[in-house]
Amino acid sequence: MILQAENISKSYKLNDKTIPILEHFDFIADAGEKIAVTGPSGSGKSTLLNLLSGLDKADSGDIRFKDTKYADLSKEQMTNLRLTAFGYIFQAFHLISTLNAADNILMPLAARKKKVLYSDLEPICKKLGIENCLDHFPHQLSGGEQQRVAIARALIGNPAVIFSDEATGNLDQKNSIQVMDLLTECCSAQNVALIFVTHDESLLRYADKVVRIPEVQPHES
Ligand SMILES: Nc1ncnc2c1ncn2[C@@H]1O[C@H](COP(=O)(O)OP(=O)(O)OP(=O)(O)O)[C@@H](O)[C@H]1O
Ligand SMILES: [Mg+2]
């Protein structure tokens, strides 16, 4: 086990009403495992990713990374865990528009104050086929290239887990397949657990396990 959620619940408050999203939900990921998270829009897929990655807190239940319970960590320790153990990939790429591709990829390491050389980028960028785009700014890259830069950024710090929220949602089918092929190949090579949200049933074949989030029926509280 590398990541586990036990009996977690999460609701949001909106105009005095409590809207349950996840109720008594369990989740487990092993090292290097590829897990697809799917379910209807609004069912709580992004919410689950935010909880598992420590960006948001569950109302109840426990989440742990290896032996570390999130509830036992200070805010600073949680930030440190996110920076050292996790990588993130989003539908909208979220590259910094004023930085070129190389500096975007190195961002997480800069936040960790880790010394790196541009030559450290070479193997991963070659594998992702972006070695010739490293001095391009995001607006000079295609969507597929931007997402491959985002994959390099997620992998550069040798994370244990990558969280991907609809990473291929803005890409056409050809680019979606290329991005998923590369992402899953890189995760396998580095034994990184990949937790990926998708609406696209055809991408479930990349998963070792599929987690379906049911829509919680609204009830008064
Ligand atoms: N910060 C928030 N405050 C209030 N409600 C929220 C908040 N974040 C999410 N929600 C609500 O919680 C529900 C689940 O949202 P979430 O983004 O997790 O869904 P999702 O499964 O990722 O949907 P999609 O497939 O459309 O991305 C939605 O109804 C959403 O409106
Ligand atoms: Mg979502």
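Refer to the structure printed above.
Everything in this summary refers to the structure shown in the same document. Bear in mind that the values here come from a model prediction, so they are computed numbers and not experimental data. (Residues numbered from 1 in each chain as written. Chains lettered and ligands numbered in written order. Predicted model: local features only at pLDDT ≥ 70, side-chain atom pairs only at ≥ 80, totals over all residues.)

**Overview of the overall build of the chain**
Logical step 1: When helices and strands are tallied, the chain shows six helices and nine strands.
Logical step 2: Relative to the 2.2 N^0.38 estimate, which gives 17 Å for 221 residues, the radius of gyration of the chain is 18 Å and therefore close to what a compact globule would have.
Logical step 3: Summarising its shape, the C-alpha atoms of the chain cover approximately 55 × 40 × 35 Å along the three principal directions.
Logical step 4: Relative to its 221 residues, the chain shows a buried fraction of 36%.
Logical step 5: In the chain, the share of contacts with a sequence separation of at least 24, taken over all contacts with a separation of at least 6, comes to 74%. (Helix = DSSP H or I, 4+ residues; strand = E, 2+ residues; numbered from the N terminus. Rg over C-alpha atoms; globule rule 2.2 N^0.38 Å. Buried ≥ 20, exposed ≤ 12 C-beta atoms within 10 Å, placed from the backbone. Contact = placed C-beta atoms within 7 Å.)

**As for the sheet that holds strand β1 (residues 3–14)**
Logical step 1: Sheet architecture is open: four strands sit in the order β2-β1-β4-β5, paired in antiparallel fashion. Each of the sheet's edge strands pairs with one partner strand only, and the pair in question is β2 (17–29) and β5 (68–69).
Logical step 2: When strand β4 (residues 60–65) meets β5, the two strands line up antiparallel, connected through two bridges. Its bridge partner lying in β5, Phe-65 is registered against Thr-68.
Logical step 3: Helix-sheet contacts for helix α1 (residues 45–52) involve β1, β2 and β4, and the interaxial angle to β1 is about 120°. (Pairing = 2+ DSSP bridges. Axes fitted to C-alpha atoms, helices over the stretch in contact; angles between N-to-C directions.)

**Observations concerning the environment of Thr-68**
Logical step 1: Looking at where Thr-68 falls in the secondary structure, it is placed in strand β5.
Logical step 2: With 14 C-beta atoms counted inside 10 Å, the residue Thr-68 sits in the partly exposed group.
Logical step 3: Setting aside chain neighbours within four positions, we find Thr-68 in contact with Leu-73 and Leu-81.

**Quick word on the nonpolar core**
Nonpolar side chains in soluble globular proteins tend to be buried together.
Logical step 1: Grouped together as the largest cluster of nonpolar side chains are 57 residues, with contacts concentrated most on Leu-52, Ala-152, Val-161 and Ile-195.
Logical step 2: If one sorts the elements of this core by residue count, helix α5 (residues 143–155) sits on top with six residues.
Logical step 3: Among all residues touching Ile-195, those that are not within four sequence positions of it are Ala-29, Ile-35, Val-37, Leu-49, Leu-52, Val-161 and Phe-163. (Core = buried A, V, L, I, M, F, W, Y, C linked by C-beta atoms within 7 Å.)

**Topic: the environment of Gln-147**
Logical step 1: Tracing the backbone through its elements, the reader meets Gln-147 in helix α5.
Logical step 2: C-alpha of Gln-147 to C-alpha of Thr-198: the two residues are 51 residues apart in sequence and 15 Å apart in space.
Logical step 3: In contact with Gln-147, other than residues within four places in its own chain, are Phe-93, Ala-167, Leu-171 and Val-179.

**Remarks on unusual backbone geometry**
Logical step 1: A positive phi angle, near 70°, is found at Asp-16, a position not held by glycine.
Logical step 2: Within the element layout of this structure, Asp-16 appears in the loop between β1 and β2.
Logical step 3: One non-glycine residue, His-24, adopts positive backbone phi at about 50°.
Logical step 4: Mapping His-24 onto the fold places it in strand β2.

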